[in-house]
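Below, each chain spelled out in residue letters.
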Amino acid sequence: MNLERIRALVGFHAHGNLPRAAAALGVSARTLRGRLAALEDEVGVALFHREGRLLTLTAHAIELARGGRELLRSADAAIERVVSKTEEIIGDFRVAIPVGLPPPILVMIMRFGLTRYPRLRSQVFPVARPLSLLPDEADIAMTFARRPADGPWLSAQLMQTREGLYASPEYLAREGAPRSLEELHRHDLFSWIPPDQPADEWPLRDGGALVVQLAHSSPDMGLIRQCGIAGLGIVRFPRGEFPDPLVPDTLVPVLPELVRREVPVRAVMPDTPRMRRSFLAFFGNVREGVKGLGDG
Amino acid sequence: MADLDELRAFLAIVEHGSAKAAADATGLPRSTLRRRIDALEQRLGAPLLWADPRGTRLSPKGRLMVEEAQAMLAAYASLLERARRAGRGPEE
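Within every chain, residues take consecutive numbers counted from 1 along the sequence as written. Chains carry letters and ligands carry numbers; both start at the beginning, A for chains and 1 for ligands, and go up in the order they are written. Note on the predicted model: pLDDT of at least 70 is required for a residue's local features to be given, and 80 or more for side-chain atom pairs to be given and counted; whole-chain, interface and lining totals, by contrast, use all residues.

A count of helical and extended segments in chain A gives 9 helices and 13 strands. Whether two residues are in contact depends on their C-beta atoms, placed from the backbone: they are in contact if these lie within 7 Å. In chain A, the proportion of contacts linking residues at least 24 apart, taken out of those at least 6 apart, comes to 71%. Counting from the N terminus, the helices are the DSSP runs of H or I reaching at least four residues and the strands are the DSSP runs of E reaching at least two.

Here it is as structure tokens:
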């Protein structure tokens, strides 16, 4: 296998036909056709629909071309890292994050990356279960899960959040603030869906759990927070100790002496020497940045 | 741009300790392995492997290259698998 075959497919995908792709790659159409045929043999599935002389890509080929483009960039970055013998993080990384994660955390991490590692590029995917994307669809996952999935993972804690109940002052003035767990049942209740337990089992500070009937739940903690800000009911989600200038809120804690737990945000990545050397330092610095944000 | 065959040749020599042992294990001629290592070292502008009387040793850049080569080949294998599965639709 050589990467020229992948480059041939990426070129064909980008330019749509053999002559244009061959011209762009600086090879003859015959050479390009040979490379594509060799790639098809290696993959073992059809990469082309053939109608006379017309070639179009199959779903297999489109997936291979898209991933191949990233692979070519990664190969260049790998050589550059070895040549420059640098500890700098170079290249493209796919980051899976919990859907609804407050933007200030992401903005802070991106700002840090831009200034400290200018040749680091990322694709960020907000999803319900970030760990499920490792390792094929993401290189790093940020998660509220207490334990990483089984496997050889590195894990770095970024920050603590405080999961609790919140409501807007307007809602509490209108509906009355609950004074006990029993009184909660008279309210419209909303919850994020945490990665490690059912949404309708609310952990209590004394170690027990309160089973509730939810009006709405979602893994998107940002949506649940917005429901609280809009005064729809009492909401449960993990809240960071930092301001969100994009969506300021005046949510106030509800029954904090009864319903509350600390929920860490962790970065999880495959345990490879490169990740161990580079990214644990990266996330160590991010952790310091988050502390600074919280202090401010 | 590194060629994946070059990376495989490099890792084979690292794993088996010498070009001769790697040639025996992979079935490739030593001259082919050597040519691939030469090409890779040319891209990097530095030696990856040092020969000494007791066998082959990794240079400092060679040690870095082992990690990168392993990651690259794993990423390629994963990509091929994704491509083979593409378009099949959800499995029952």
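A word on the overall build of chain B. Assigned secondary structure in chain B consists of 4 helices and 2 strands. Helices (α) and strands (β) of chain B occur, in sequence order from the N terminus, as α-α-α-β-β-α. Buried, partly exposed and exposed are defined by the number of other C-beta atoms within 10 Å of a residue's own C-beta, namely 20 or more, between the two limits, and 12 or fewer respectively, with C-beta atoms placed from the backbone. Considering chain B as a whole, with its 92 residues, one finds that 30% of them fall into the buried category. Residue pairs in contact within chain B that sit at least 24 positions apart in sequence constitute 48% of those at least 6 positions apart.

In this section: the packing of helix α1 (residues 3–15) of chain A against helix α4 (residues 59–84) of chain A. Residue and element names in this part refer to chain A. Axis definition: a line fitted to C-alpha atoms, over the contacting stretch in the case of helices. Angles run 0 to 180 degrees between N-to-C directions. Put simply, α1 and α4 touch, their axes get as near as 8 Å, and they point 120° apart. Considering the angle they form, α1 stands oblique to α4. Seen from above, α1 lies across α4 with left-handed handedness. On α4, the residues touching L3, I6, R7, L9, V10 and H13 of α1 are A61, I62, L64, A65, G68, R69, L71, L72 and A75. In terms of residue class, the contact of α1 with α4 is built from 11 nonpolar, 2 polar and 2 charged. An angle below 35 degrees is treated as roughly parallel, one above 145 as roughly antiparallel, one from 65 to 115 as roughly perpendicular, and anything else as oblique. Definitions for this section: a left-handed crossing has its near helix turned counterclockwise from the far helix by less than a right angle. A right-handed crossing has that turn clockwise. Gly is put with the polar residues, along with every residue not named as nonpolar or charged; the nonpolar set is Ala, Val, Leu, Ile, Met, Phe, Trp, Tyr, Cys and Pro, and the charged set is Asp, Glu, Lys and Arg.

What follows covers the packing of helix α2 (residues 18–25) of chain A against helix α3 (residues 29–43) of chain A. Residue and element names in this part refer to chain A. Their axes nearest at 9 Å, the elements α2 and α3 cross at an angle of 100°. Regarding the angle of α2 to α3, the classification is roughly perpendicular. Where α2 approaches α3, its residues L18, P19, A21, A22 and L25 are matched on the opposing element by A29, L32 and R33. For the contact of α2 with α3, the per-class residue count stands at 7 nonpolar, no polar and 1 charged.

On to the interface of chain B and chain A. With 25 residues of chain B at the interface, the matching set in chain A holds 27 residues. Secondary structure elements with two or more residues in the side of chain B that touches chain A: α1 (4–16), α3 (30–44) and α4 (60–85) of chain B. Looking at the side of chain B that touches chain A residue by residue, the class counts come to 14 nonpolar, 3 polar and 8 charged.

With that settled, the discussion passes to the pairing of strand β1 (residues 48–51) of chain A. All names here are of chain A. Where β1 lies against strand β2 (residues 54–57), 4 bridges are found, and the strand directions are antiparallel. Paired with F48 across the two strands is L57, which belongs to β2. The antiparallel hairpin formed by β1 and β2 contains 2 residues in its connecting segment, where G52 sits at a positive phi of about 60°. Pairing between two strands is assigned when DSSP locates at least 2 bridges connecting them.

Before going further, it helps to spend a moment on α3 of chain A. Here a helix's expected span is defined as the number of its residues, less one, multiplied by 1.5 Å. In this model α3 of chain A runs 21 Å from its N-terminal to its C-terminal C-alpha over 15 residues, within 8% of the 21 Å that 1.5 Å per residue would give. Buried within α3 of chain A are the following residues: L32, R35, L36, L39 and V43 of chain A. One side of α3 of chain A holds all its buried residues, which, seen down the axis, span an arc of 95°. Along α3 of chain A, the residues that are exposed and aim more than 90 degrees away from the buried face are R30 and D41 of chain A. Taken together, the buried residues of α3 of chain A touch α1, α2 and α4 of chain A together with α4 of chain B. Phi turns positive one or two residues past the end of α3 of chain A, at G44 of chain A, with a value near 85°. Picture the helix axis, draw a direction to every C-beta atom, and the arc is the one those directions span.

Looking now at the nonpolar core. The term nonpolar core refers to a group of buried residues, namely Ala, Val, Leu, Ile, Met, Phe, Trp, Tyr and Cys, whose C-beta atoms join them within 7 Å. Residues L9 and L64 of chain A together with F10, I13 and I37 of chain B are the most contacted members of the largest nonpolar core, which totals 43 residues. When contributions to this core are tallied by element, the ones reaching two or more residues are α1, α2, α3 and α4 of chain A together with α1, α2 (19–26), α3 and α4 of chain B. Residues in contact with I37 of chain B, not counting those within four places in the same chain, are A9, F10, I13, L48 and L49 of chain B. L101, I140, A141 and M142 of chain A belong to the second largest nonpolar core, which has 24 residues in total.

All right, on to the confidence of the model for chain B then. Residues and elements named next belong to chain B. Confidence scores here are pLDDT values: one per residue, from the predictor, ranging 0 to 100. Per-residue pLDDT for chain B has a mean of 86; in total, 91% of the residues score no lower than 70. Between the elements of chain B, mean pLDDT differs from a low of 79, seen in strand β1 (residues 49–52), to a high of 92, seen in α1. Two summary scores accompany this predicted model of the complex, namely pTM at 0.62 and ipTM at 0.83.

Quick look at unusual backbone geometry now. All names here are of chain A. Here the bond from L134 into P135 is cis, since omega is -5°, no more than 30 degrees from zero. With respect to the helices and strands, the residue P135 is situated in the loop between β4 (120–127) and β5 (140–143). Of note, the phi angle at L255 is positive, near 45°, even though the residue is not glycine. Counting through the fold element by element, L255 comes out in the loop between β12 (252–254) and β13 (260–270). Under the C-beta neighbour-count criterion, L255 is labelled buried, with 21 such atoms within 10 Å.

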